[in-house]
Amino acid sequence: MFEAVLSKTFSPVASRCYSHGKVETDEEFDARWVTYFSKPDIDGWELRKGMNTLIGYDLVPEPKVLDSALRACRRLNDLASAIRILEAVKDKAGPHKDIYPYLIQELQPTLAELGISTPEELGIDKL
Amino acid sequence: MQEPHDVFEKYSPELRLLLALEPEPECRGTEADSPRTGPAHCLSSCPWFFLPPATHSRRSWDISQRVGAFYNTLGLMLATRAFSLIGKRAISTSVCVRGGHGVAKVEDYTLPAYFDRRETPLPDIAYVQTLTPEQKALKEKEKGSWAALSNAEKVALYHLSFKQSFAEMNQGTGEWKSVVGGIMFFVGLTGLVVLWQRKYVYGPVPHTLDPEYKQQELQRMLDMRMNPVEGFSAKWDYENKQWKK
């Protein structure tokens, strides 16, 4: 996946784009976001804030991060947001048309378990 | 929430707010607040033109926001201590901590608004705020297993929360055709104006543009051997008094 070097939200070492600074690895980034969405009592605001921030980054989130986010939607009884998240990551992939099918393939067990339909199944990906 | 390597964990919530480490939780509103209004003091401290339509950013180091957050935190600490007896609900309806004169009128534009944006997939509020009984029943059904919902119900739930799907919001408008058409129209109109001007406005051109005069100019240029190496006179055949083939 395409991931840029990002600074952490707060850390004692400022990890900006200095060559000598501490750089967060992809795994740390993913783990941080999985943890964020895995909070058992996550509220709607945190879900929206997290998702909007994640979409703001120059990357398509990993399936495990999305899985965590979709489960957060389930805890919040928010099917609409779950479908919206899928639409958003498809839009985020931009011209790279092979990313979204890969994500759906990886998320298929979760989608089946939670009963989330993809935008394509519901027909809202067309006008 | 779990933040690895967070040395500020041990700081009190107020101090964290003070240092602008977190967005102010009060700004999200309490259980008692309706979805569209937050605590009045919070909204009045965050002028709408400082905020992007999305919710607060953790990393807004903008000076004015920090100052605003600082004063807001001070006010909040005073408010929470003073009104803890009245209860959380009262904070939004009781005396505004700033002026102390009464509740400031909450302007509509200061409240969270709905936007369909690619970069903000989950807007601050749901699209449909007031639900009919059928819609409420559907929302209740949403609390159960989603596999039990039909496709139509899922689409209905989607449209309760969102106005346009991504496909709809991303579609082009065809406005460019109007723009190009307008450009061509006005260029054409300008052309007509220019032609009319040439005929009716401008006087005759100078005599130096008469064909006879131009011929004399040309002869003079050749006689002077202007640009004889590669340019003008180089192309004239002086022997045969004609242009070189």
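These figures come from a predicted structure and were not determined experimentally.

Trainee: I would appreciate a short explanation of the overall build of chain B in the present structure.
Mentor: From N to C terminus, chain B includes 9 helices and 2 strands. Along its sequence from the N terminus, chain B presents helices and strands in the succession α-α-α-α-α-α-α-α-α-β-β. The burial tally for chain B puts 25% of its 245 residues in the buried class. Here the contacts in chain B between residues at least 6 apart in sequence split such that 52% fall between residues at least 24 apart. Of the roughly 16900 Å² of accessible surface on chain B, a fraction of 61% belongs to carbon and sulfur atoms.

Trainee: Looking at this model, I keep getting lost on the side chain of Asp67(A). Mind explaining?
Mentor: Along the chain, Asp67(A) falls in helix 3 (residues 63-75). The residues touching Asp67(A), leaving out its near neighbours within four places in the chain, are Leu107(A) and Thr110(A).

Trainee: How do you make sense of helix 9 (residues 211-223) of chain B when you look at a structure like this?
Mentor: The periodicity of an α-helix, 3.6 residues per turn, causes residues three or four places apart in sequence to face the same way. The terminal C-alpha atoms of helix 9 of chain B, which comprises 13 residues, lie 18 Å apart, in line with the 18 Å expected from a rise of 1.5 Å per residue. Where helix 9 of chain B ends, the next residue or the one after it, Arg225(B), has phi of about 55°, a positive value.

Trainee: It is not clear to me how the packing of aromatic side chains should be interpreted in this structure. Could you clarify?
Mentor: Any aromatic ring pair is given by two values, namely how distant the centres are and how the planes are angled relative to each other. Scanning the model with the defined rule gives 12 aromatic pairs over all chains in all. Through a chain of ring-to-ring contacts, three or more aromatic side chains come together here, namely Phe29(A), Trp33(A), Tyr36(A), Phe37(A) and Tyr57(A). Positioned above the aromatic ring of Trp146(B), the side-chain terminus of Arg74(A) is 4.2 Å from the ring centre. Here the basic side chain of Arg84(A) rests over the ring of Phe162(B), its NZ or CZ set 4.2 Å away from the ring centre.

Trainee: Would you mind going over unusual backbone geometry with me for this structure?
Mentor: When glycine is set aside, most residues are seen to have a negative phi, and most peptide bonds are trans. Of note in the backbone geometry, Asn77(A) takes a positive phi value of approximately 55° without being a glycine. Tracing the backbone through its elements, the reader meets Asn77(A) in the loop between helix 3 and helix 4 (79-93). Residue Asn77(A) is classed as partly exposed on the basis of its relative accessible area, which comes to 23%. One non-glycine residue, Lys241(B), lies in positive phi territory at about 50°. Position of Lys241(B) among the secondary structure elements: in the loop between strand 1 (236-237) and strand 2 (242-243). You can call Lys241(B) exposed: its relative accessible area is 64%.

Trainee: When you look at the UniProt feature "transmembrane region" (unreviewed entry) in chain B in this model, what are you seeing that I'm missing?
Mentor: Under the local residue numbering, the UniProt record ascribes the feature "transmembrane region" (unreviewed entry) to residues 176-196 of chain B. Measuring from the first to the last C-alpha atom of residues 176-196 of chain B gives 30 Å, for a span that is 100% helix and 0% strand.

Definitions and limits used
- Residues numbered from 1 in each chain as written.
- Chains lettered and ligands numbered in written order.
- Predicted model: local features only at pLDDT ≥ 70, side-chain atom pairs only at ≥ 80, totals over all residues.
- Heavy atoms only, no water.
- Helix = DSSP H or I, 4+ residues; strand = E, 2+ residues; numbered from the N terminus.
- Buried < 20%, exposed > 50% of the residue type's maximum accessible area, 1.4 Å probe, protein only.
- Contact = heavy atoms within 4.5 Å.
- Areas by Shrake-Rupley, 256 points an atom, 1.4 Å probe, with all protein chains shown as cover.
- Expected span 1.5 Å × (residues − 1).
- Phe/Tyr/Trp six-rings, centres within 6.5 Å; stacked < 30°, edge-to-face > 60°.
- Lys NZ or Arg CZ within 6 Å of the ring centre and 35° of its normal.
- UniProt positions renumbered as here; feature names shortened; annotations may be inferred.

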